[in-house]
Amino acid sequence: MLRHVRSAANGPAWLIGLLARRPAKVVAVALATKMARIIFALLTKGGEYRKPEWTKGMESAAA
């Protein structure tokens, strides 16, 4: 994810801004923490994951 954001400058604004201010390893930990919080909330509250709007079109790039 970080490699994609760095090379294409395509991703959430908070992640691009954080990469500009902090080292990549700190940003990786912040991203992992955010994903863990989302997963924990989904598992404990019984929700369904909805992809963010900025991810549209990324599936074809990854394939």
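The rules behind these values
- Residues numbered from 1 in each chain as written.
- Predicted model: local features only at pLDDT ≥ 70, side-chain atom pairs only at ≥ 80, totals over all residues.
- Heavy atoms only, no water.
- Buried < 20%, exposed > 50% of the residue type's maximum accessible area, 1.4 Å probe, protein only.
- Helix = DSSP H or I, 4+ residues; strand = E, 2+ residues; numbered from the N terminus.
- Arc of directions from axis to C-beta.
- Core = buried A, V, L, I, M, F, W, Y, C linked by side-chain atoms within 4.5 Å.
- Contact = heavy atoms within 4.5 Å.
- Expected span 1.5 Å × (residues − 1).

1. Let's talk about helix 2 (residues 13-21)
Those residues of helix 2 that fall on the buried side of the exposure criterion are L15, L18 and L19. Take helix 2 and look down its axis: the buried residues cluster within an arc of 100°, on one side only. Pointing more than 90 degrees away from the buried face of helix 2 are the exposed residues A13, A20 and R21.

2. Structural notes on the nonpolar core
Judged by nonpolar contacts, V5, L15, L18, L19 and V27 together constitute the single largest core of five residues. With sequence-adjacent residues up to four places away left out, L18 is seen in contact with V27 and A30.

3. Quick word on helix 3 (residues 24-45)
Here helix 3 contains 22 residues, and its C-alpha end-to-end distance of 31 Å stays within 8% of the 32 Å for a straight helix at 1.5 Å per residue. Following helix 3 by one or two positions, G46 adopts a phi angle in the positive range, close to 70°.

That's the geometry; what it means functionally is another story.
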